[in-house]
Structures are given as structure tokens and as C-alpha cells.
Amino acid sequence: MPIDDIIIADEAVIHTGDLHEDFIRSSGPGGQNVNKVATAVQLRFDAANAAGLSERVRARTIKLAGQRATKDGVIVIEAGRFRTQEQNRADARARLTALVAKAAEPPPPPRKKTRPSKGAVERRLKSKAGRGTIKKLRGRVEND
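Within each chain, residues carry numbers counting from 1 in the order of the written sequence. At least 70 in pLDDT is required for a residue's local features to be given in this predicted model, at least 80 for side-chain atom pairs to be given and counted, and no such filter applies to totals for whole chains, interfaces and linings, which use all residues. To get the side-chain values, take all heavy atoms of the structure and skip hydrogens and water.

Right, let's get into the environment of Ile7. We count a stretch as a helix when DSSP gives it H or I for four or more residues in a row; a strand needs E for two or more, and each element gets its number in order from the N terminus. Take Ile7: it is sitting in strand S1 (residues 6–9). A relative accessible area of 59% places Ile7 in the exposed class. Separated by 90 residues in the primary sequence, Ile7 and Thr97 have C-alpha atoms spaced 9.0 Å apart. Summary of the burial criterion: residues with accessible area below 20% of their type's maximum are buried, those above 50% are exposed, and those between are partly exposed, where the area comes from a 1.4 Å probe applied to protein chains only.

Printed below as a string of C-alpha cells:
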């Protein structure tokens, strides 16, 4: 296993071969230099065909990516917050790692069904009856 692989969990490893980076012009800070130098990074990760992801993590990653995922299951992350390619590259990889880590979290335990106690049900019904009586008394007063 190459050193550059990003190990997130047992069932989630991002291989560097699955990543493709393109450098584009950034719209962020940089003054006049921003029009000449391609510092923003467009990171593409083919999650649908990534060998390091289990089926559960793969499906959750694509679902959590939302609009950043294409129909083919490729996740596109654009990072142009910083003025250098290296900082933007690190930012894009960190965002991808966070996304896959969130997808690799174990599912929450199932909810346990609970019931209100008998006393709680009685108190609730008693208070409902009391409110109903108050509302009845708000009506028109009839002369006898």
C-alpha cells in the first residue's frame, strides 16, 4: 500500500490513484495575479469505482456528497480559498477526507420504543378535561 493513501477506517481507504486533480483559475484573493495563475483545485474522486470503499460507505458517501456528486458517482470538490496550489490541494483533500469519514461512521443504534406511564396518561387526560371545561365556560351566558 503506497504511503500517500488516506486511511480513514477499516472499510474506507482513499487510494491516490482514484484522485484526479485539475488546477483552474481561482476567483478568490490574489490581486492581479489571480488572472494569470491557476491556483484553485478541482479534485475528482471516483467513489462509484473506488476499491478502498465498502458498499455501505460508497453509497453513503455519494448520498452525503449531494450536488457535488455526478450521475456516474464521481465526487467533484473545488477549493480556491487560498492563494497557493498546495494549500488549496490540502484543503480539497481534507474536505474529501471529512466527507468519507462522515460516511464511514457506524449507523446509529435503533430507537427503543417507549410508552408513557399510566400516571402520565391519567394526568394528561385530566388536564385535557380541565381545559375543555374552561373553554365551555367561555361561551355565551344565557339568562334563565
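A few words now on the environment of Thr39. The residue Thr39 is located in the loop between strand S3 (19–24) and strand S4 (40–46) in this model. Given a relative accessible area of 10%, Thr39 falls into the buried group. C-alpha of Thr39 to C-alpha of Ser26: the two residues are 13 residues apart in sequence and 5.9 Å apart in space. Residue contacts are defined here by distance: any two heavy atoms, one from each residue, within 4.5 Å place the two residues in contact. Every residue in contact with Thr39, bar those within four places of it in the chain, is listed here: Phe23, Ile24, Ser26, Phe82, Arg83, Thr84, Gln85 and Asn88.

An α-helical turn contains 3.6 residues, so any two residues separated by three or four positions project in the same direction. The span you would expect from a helix comes to 1.5 Å times its residue count less one. Compared with an ideal rise of 1.5 Å per residue, which puts 20 residues at 28 Å, helix H2 (residues 85–104) spans 28 Å between its outermost C-alpha atoms and is within 8% of the ideal. Listing the buried residues of H2 in full gives Asn88, Asp91, Ala92, Leu96, Leu99, Val100, Ala103 and Ala104. Tucked into the core, H2 has its buried residues touching S1, strand S2 (12–14), S3, S4, helix H1 (55–65) and strand S5 (74–79).

Moving on, we come to the pairing of S4. With 5 of 7 residues buried, S4 is to be regarded as a mostly interior element. Examined bridge by bridge, S3 and S4 share 6 bridges and lie antiparallel to one another. Within S4, the residue paired with Leu19 across the bridge is Phe45. We treat two strands as partners when DSSP finds at least two bridges between them. With 6 bridges joining them, S4 and S5 adopt antiparallel strand pairing. Across the sheet, residue Asp46 finds its bridge partner in S5, namely Val74.

Moving on to the confidence of the model for the protein chain. Fine structural detail should not be taken from predicted coordinates in areas where pLDDT scores are low. How sure the predictor is of each residue is captured by pLDDT, a score from 0 to 100. Taken over all residues, the pLDDT of the protein chain has a mean of 85, while the share at 70 or more is 92%. Mean pLDDT across the elements of the protein chain bottoms out in S1 (74) and peaks in helix H3 (residues 118–137) (95).

To continue, consider the nonpolar core. In this structure, Ile14, Phe45, Leu53, Val57, Ile75, Leu96 and Val100 are the most contacted members of the largest nonpolar core, which totals 22 residues. Mapped by element, the contributors of at least two residues to this core are S2, S4, H1, S5 and H2. Broken down by element, this core gets its largest block of residues, 6 residues, from H2. To qualify as a nonpolar core, a set must consist of buried Ala, Val, Leu, Ile, Met, Phe, Trp, Tyr and Cys residues joined through side-chain atoms within 4.5 Å.

This part is about the environment of Ala98. By secondary structure assignment, the location of Ala98 is in helix H2. C-alpha separation for the pair Ala98 and Ile8, spaced 90 residues apart in sequence, amounts to 9.0 Å.

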